[in-house]
Amino acid sequence: MASKTFVISNNIPGVRSLILNKKNGFLLEPDNFQAYAHTIRYIKKHGYQLKNILTNGVMTAKRFDRKKFLDSYILYIKSII
């Protein structure tokens, strides 16, 4: 997401709390190889129309900025010491 690349992933716990299908990436049922191939072809054909998915993906990735995380984590560790 942070690399401005379309994300295609399995629709499984954890991942689906980060990726919203056709909002910031694509979620497919596990082991559905035909759906993966179809989605890749769809992106190849219509990628220019899907810029909002890339933009939303970048915004999602920014929510998990490493520096912000580490600053918050250090404060948390200090609070329990």
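All of these numbers come straight from a predicted model, not from anything done at the bench.

Trainee: Run through the overall build of the protein, naming residues and quoting values.
Mentor: A tally of helices and strands in the protein yields 3 helices and 2 strands. Here the C-alpha atoms of the protein give a radius of gyration of 16 Å, more than 25% beyond the 12 Å that 2.2 N^0.38 yields for 81 residues. Its C-alpha atoms give the protein principal-axis dimensions of roughly 55 × 25 × 15 Å. Sorting the 81 residues of the protein into buried and exposed places 22% on the buried side. The centroid of the 14 positive side-chain charges in the protein is displaced by 9 Å from the centroid of its 4 negative side-chain charges.

Trainee: Before we move on, can you summarise the pattern of salt bridges with the specific residues and values?
Mentor: For the structure on display, the rule yields 1 salt bridge. We note a salt bridge from K67 to D71, for which the minimum N-O separation is 3.1 Å. Separated by 4 residues within a single helix, K67 and D71 lie in helix 3 (residues 66-80), roughly one turn from each other. When its relative accessible area of 56% is taken as the criterion, K67 is described as exposed. A residue is classified by how much of its surface remains accessible, and D71, at 39% relative accessible area, is partly exposed.

Trainee: Break down the packing of aromatic side chains for me, with residues and values.
Mentor: Overall, the coordinates contain 2 aromatic pairs when judged by the stated rule. Plain terms: the ring middles of F6 and F26 are 6.2 Å apart, the flat faces sit at 50 degrees to each other, and that makes the pair tilted. Taken together, the residues F6 in the segment before strand 1 (8-10) and F26 in strand 2 (residues 26-28) connect sequence positions 20 residues apart. With a centroid separation of 5.7 Å and an interplanar angle of 10 degrees, the aromatic rings of F69 and Y73 are classed as stacked. You can see F69 and its partner Y73 sitting in helix 3, 4 residues apart, about one turn around the helix.

Trainee: Give a description of helix 1 (residues 33-46) that names residues and reports values.
Mentor: With 14 residues, helix 1 should cover 20 Å at 1.5 Å per step; its first-to-last C-alpha distance of 20 Å lies within 8% of that length. For helix 1, every residue scored as buried is listed here: A35, T39 and I43. All buried residues of helix 1 lie within an arc of 70 degrees about the axis, which places them on one face of the element. Away from the buried face of helix 1 by more than 90 degrees, exposed residues F33, Q34, R41, K44 and K45 are located. Where the residues of helix 1 are buried, they touch strand 1 and strand 2.

Trainee: Give me the side chain of S9: which residues, what numbers.
Mentor: Mapped onto the secondary structure, S9 falls in strand 1. In this structure S9 touches V15, I19, F26, L27, L28 and Y36, once residues within four positions along its chain are discounted.

Thresholds, definitions, all that
Residues numbered from 1 in each chain as written. Predicted model: local features only at pLDDT ≥ 70, side-chain atom pairs only at ≥ 80, totals over all residues. Heavy atoms only, no water. Helix = DSSP H or I, 4+ residues; strand = E, 2+ residues; numbered from the N terminus. Rg over C-alpha atoms; globule rule 2.2 N^0.38 Å. Buried < 20%, exposed > 50% of the residue type's maximum accessible area, 1.4 Å probe, protein only. Lys, Arg positive; Asp, Glu negative; His and termini not counted. Charge placed at Lys NZ, Arg CZ, Asp CG, Glu CD. Salt bridge = Lys/Arg side-chain N within 4 Å of Asp/Glu carboxyl O. Phe/Tyr/Trp six-rings, centres within 6.5 Å; stacked < 30°, edge-to-face > 60°. Expected span 1.5 Å × (residues − 1). Arc of directions from axis to C-beta. Contact = heavy atoms within 4.5 Å.

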